[in-house]
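Observations on the model geometry
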Amino acid sequence: MDTQPLYLRLSGHYRQAIQSGVLLPGQRMPSVRALTRLHRVSLSTAVEACHTLEDEGLLEARPRSGYFVLRRRRVDIQPPSEPDAGRKLDPAQYVGIHDRVSDFVAKCEFYPLLTNLAGTYGSPEMYPAEALKNAATRALRKHSQLLVSAPDMRSDSPLNAVLARRALDAGMRLSAEDILVTHGCIEALNVALRAVAQPGDTVAVESPTYHGLLQILESLGLRALEIPTSPQTGLSVEALELAFRTHDRIRAVVVMPNFHNPLGSVMPDPEKEKLVALCERQQVALIEDDTYGALGRDDIPLKAAKAWDKPGNDGNVIYCASLRKTLAPGLRLGWVAGGRWQARIQMLKYTQSRANEALAQFTVAEFMASSAYDRHMARLRRQLTGQREQMAEAIAAHFPAGTRLSVPGGSMLLWVELPPGTSAQAVFDAAIQQGIRVAPGSMFSNSSRFDHFLRISCGFPFSGAVDEALRKLAAIVAQNAPRPAA
Ligand SMILES: Cc1ncc(COP(=O)(O)O)c(C=O)c1O
């Protein structure tokens, strides 16, 4: 029997609706009188429940109109600055990001964690744990020798077939043989880069870009050439074209056209098409990281750049993806469709880590083949939409004037530009001591251009505790922001 007071049960009911995106910022709550009728509770219970949600920063009371899901002052906030697309490119550099990431990891391990705003996953409750457990049990029952037989890298595994089918949604025409399952997207990116570039070569990347990619470049002895990238529309294809004219050792371009990490940008389809054509003309491999592409707000999926590539072994786009953000953060599953480099990629993966375990693949294949997967994805997208909105509203409400941010149409990352001159590293250092984890902008570039940015994740449901953490973070930002001249 539920022993919670009635008003807490009622507030929990509506908290869940707000956190899952069923009730969106700006929408009206049922009136207090309607709550008494709908839930057969007393007036004081209904009022108490609304007060609880108000205290948690989820509702606001408007005089004579009732309660509304809180929409704060995001209308007042500007999107992050656009890059200077005409700026002279930095020289292609050997990446020196390991020290910054090591510092981040060491501090994250040292200080007790209260609120994680640095993760790139949803919280465990947002994924289908029970259904995956049942699928794993069924797979073991059906294939009793699964755990005691050595797996091989066969493309006729059921997962390859499902991935090929699901890839149709993003506009790609792949067969099961075009696909190689990897240990997460990180392995896909590793083998893709090793397949097309040698130490000393240059790789064009977005600026800023995913720090994991910069770490791979550093570990492979590759140089990064940072290309201006818009927080709204992604990589500047024009700037890349110019880079091809001025740099002669570019062997690969790595892009995240859909819901870029950390920017959240999406390249318009005509730009994706231009990019594919440009790389094809230049005979430079295009490595596409589509880790977050399926996490858009809309049911109509975004197109992958690979949708414009030549089919099968003629393709110049190496498509890399992950199942860890969409379906199962606990399973190290990703995949790659490497076009003309597929055979070499396969050999490198074989050398590096051999085949992925069969159990994880069978489990996920069964779930992804069913309509339960579509329902899960629809729920996840809706929930993330609500969480992005709530987090952005809270940042807008708490952070000091001069903060800029835009809310992407998908995924779980907000790229927040702090008032100019604020050291995001100093903010990170102070926040982590209070148990609040965020990612400082300096991890996403070789340059110092993003030293006053924070990447804030909204993968976990918004709550009073998250709101409180953002208030504290905002106070730290305000302490670190330069004082305006008197
Ligand atoms: C853009 C991007 N690519 C690749 C990865 C790594 O993916 P995985 O965890 O599947 O190895 C991440 C993880 O955060 C990411 O954000």
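Look up: the structure comes first, before these words.
For every chain, the first residue of its written sequence is number 1, and the numbers climb from 1 along that sequence. For a predicted model such as this one, the threshold for reporting local features is a pLDDT of at least 70, and the threshold for listing and counting side-chain atom pairs is 80 or more; totals across whole chains, interfaces and linings nevertheless cover every residue. Excluded from the side-chain calculations are hydrogens and water; all other atoms, namely the structure's heavy atoms, are used.

1. Details of the overall build of the chain
- Labels follow the DSSP assignment, with helices taken as runs of H or I lasting at least four residues and strands as runs of E lasting at least two, numbered in each case from the N terminus. When its secondary structure is counted, the chain shows 15 helices and 17 strands.
- Atoms considered for the radius of gyration are the C-alpha atoms alone. The globule rule reads 2.2 Å times the number of residues to the power 0.38. Computed over its C-alpha atoms, the radius of gyration of the chain comes to 24 Å, within 12% of the 23 Å expected for a compact globule of 486 residues.
- In terms of its C-alpha atoms, the chain occupies a principal-axis envelope of roughly 70 × 70 × 45 Å.
- Note on classification: 1.4 Å probe, protein chains only; a residue is buried when its accessible area is under 20% of the maximum for its type, exposed when over 50%, partly exposed between these limits. The 486 residues of the chain split such that 55% are buried.
- Throughout, a residue-residue contact means that at least one pair of heavy atoms, one from each residue, lies within 4.5 Å. Long-range pairs, those at least 24 residues apart, make up 76% of the contacts in the chain between residues at least 6 apart in sequence.

2. Observations regarding the pairing of strand E2 (residues 66-69)
- Where strand E1 (residues 59-62) meets E2, 4 bridges bridge the pair, whose relative direction is antiparallel. The partner of Leu59 across the bridge, within E2, is Val69.
- Hairpin remark: E1 followed by E2, antiparallel, with 3 residues in the connecting loop; positive phi at Arg64, about 60°. Should DSSP find at least two bridges between two strands, the strands are taken to pair.

3. Structural notes on empty space enclosed by the protein
- Think of a 1 Å grid over just the protein atoms. A cavity is a set of points where a 1.4 Å probe fits yet cannot get out, a pocket is an open set with protein on both sides within 12 Å along at least five of seven lines, and lining residues have an atom within 4 Å of a point. Grid points are joined across faces, edges and corners, and a volume is the space filled by probe spheres set on the points. Summed over the entire model, instances satisfying the criterion amount to 3 cavities of 30 Å³ or more.
- Approximately 160 Å³ is the volume found for the largest cavity.
- Around the largest cavity, the lining comprises 16 residues; the ones closest to its centre are Arg173, Leu174, Lys310, Pro311 and Gly312.
- Partitioned by chemical class, the residues of the lining of the largest cavity number 5 nonpolar, 6 polar and 5 charged. Residue type decides the class: Asp, Glu, Lys and Arg count as charged, Ala, Val, Leu, Ile, Met, Phe, Trp, Tyr, Cys and Pro as nonpolar, and the leftover types, Gly among them, as polar.

4. With respect to a nonpolar patch on the surface
- A cluster of nonpolar side chains, namely Leu140, Leu147 and Val148, defines an oily patch on the protein surface of about 300 Å² accessible area.
- Accessibility expressed as a relative area gives 68% for Val148, which makes it exposed. A patch is a set of surface residues, each over 30% in relative accessible area and not in a salt bridge, joined within 9 Å for like charges and within 5 Å for the nonpolar side chains Val, Leu, Ile, Met, Phe, Trp and Tyr. Residue burial considers only the protein chains on display, and all accessible areas are found by Shrake-Rupley using a 1.4 Å probe. By definition here, a salt bridge exists when the distance from a side-chain nitrogen of Lys or Arg to a carboxyl oxygen of Asp or Glu is within 4 Å.

5. Considering helix H5 (residues 129-142)
- Expected helix span is given by 1.5 Å per residue-to-residue step, counting one fewer step than there are residues. Between its first and last C-alpha, H5 extends 20 Å over 14 residues, near the 20 Å set by a 1.5 Å rise per residue.
- Taken as a whole, H5 has its buried residues at Leu132, Ala135, Ala136 and Ala139. The buried residues of H5 occupy one face: seen down the axis, they fall within an arc of 100°.
- Structurally, H5 contributes buried residues whose contacts are with helix H12 (358-369). The directions from the helix axis to the C-beta atoms are what the arc is built from.

6. A few points about the pattern of salt bridges
- Considering all chains together, one arrives at 21 salt bridges under this definition.
- Salt-bridge contacts for Arg166 lead to Asp374; the nearest nitrogen and oxygen are separated by 2.8 Å. One end of the pair, Arg166, is in helix H6 (residues 158-167); the other, Asp374, is in helix H13 (residues 371-398), and 208 residues separate them in sequence.
- Residue class for Asp374 comes out partly exposed when judged on its relative accessible area of 39%.

7. As for the packing of aromatic side chains
- Aromatic rings from Phe, Tyr and Trp, taking only the six-membered ring of Trp, are treated as a pair when their centres fall within 6.5 Å; an angle between ring planes under 30 degrees marks them as stacked, one over 60 as edge-to-face, and anything in between as tilted. This model, assessed by the stated rule, comprises 8 aromatic pairs.
- An angle of 50° between the planes, with centres 6.1 Å apart, marks the rings of Trp415 and Phe450 as tilted. Within this pair, whereas Trp415 is found in strand E14 (residues 413-417), its partner Phe450 is found in the loop between strand E16 (439-440) and strand E17 (453-457), the two being separated by 35 residues in sequence. The residues Trp415 and Phe450 share a single accessibility class, namely buried.
- An aromatic cluster is built from Trp415, Phe444, Phe450 and Phe453, whose rings are joined through pairwise contacts.
- Seen from the ring of Phe68, Arg62 lies directly overhead, with NZ or CZ sitting 3.8 Å from the centre.
- For a Lys NZ or an Arg CZ to count as sitting over a ring, it must be within 6 Å of the ring centre and within 35 degrees of the ring normal. In this arrangement the basic side chain of Arg354 is found over the ring face of Tyr350, its NZ or CZ atom lying 4.0 Å from the centre.

8. Some words on the packing of helix H1 (residues 6-19) against helix H3 (residues 43-55)
- In this analysis an axis means a line fitted to C-alpha atoms, helices contributing only their contacting stretch, and an angle means the value between N-to-C directions, from 0 to 180 degrees. Two elements in contact, H1 and H3, have axes separated by 8 Å at closest approach and are oriented at 50°. Between H1 and H3, the angle falls in the class oblique. You can see that H1 and H3 cross each other, and the crossing is right-handed. Facing Leu6, Tyr7, Leu8, Leu10, Ser11, Tyr14 and Arg15 of H1, the residues of H3 in contact are Thr45, Ala46, Glu48, Ala49, Thr52 and Leu53.
- Looking at the contact of H1 with H3, its residues break down into 8 nonpolar, 3 polar and 2 charged. Working rule for angles: under 35 degrees goes down as roughly parallel, over 145 as roughly antiparallel, 65 to 115 as roughly perpendicular, anything else as oblique. Crossings are sorted by hand: turned counterclockwise from the far helix by less than a right angle, the near helix makes the crossing left-handed, and turned clockwise it makes it right-handed.

9. Description of the sheet that holds E16
- Read from one edge to the other, the open sheet built from 4 strands follows the order E13-E14-E17-E16, with strand pairing classed as antiparallel. In this open sheet, the two edge strands, each paired with only one partner strand, are strand E13 (404-405) and E16.
- Sheet strands in contact with H13 are E13, E14 and E17, and its direction is about 20° off that of E14.

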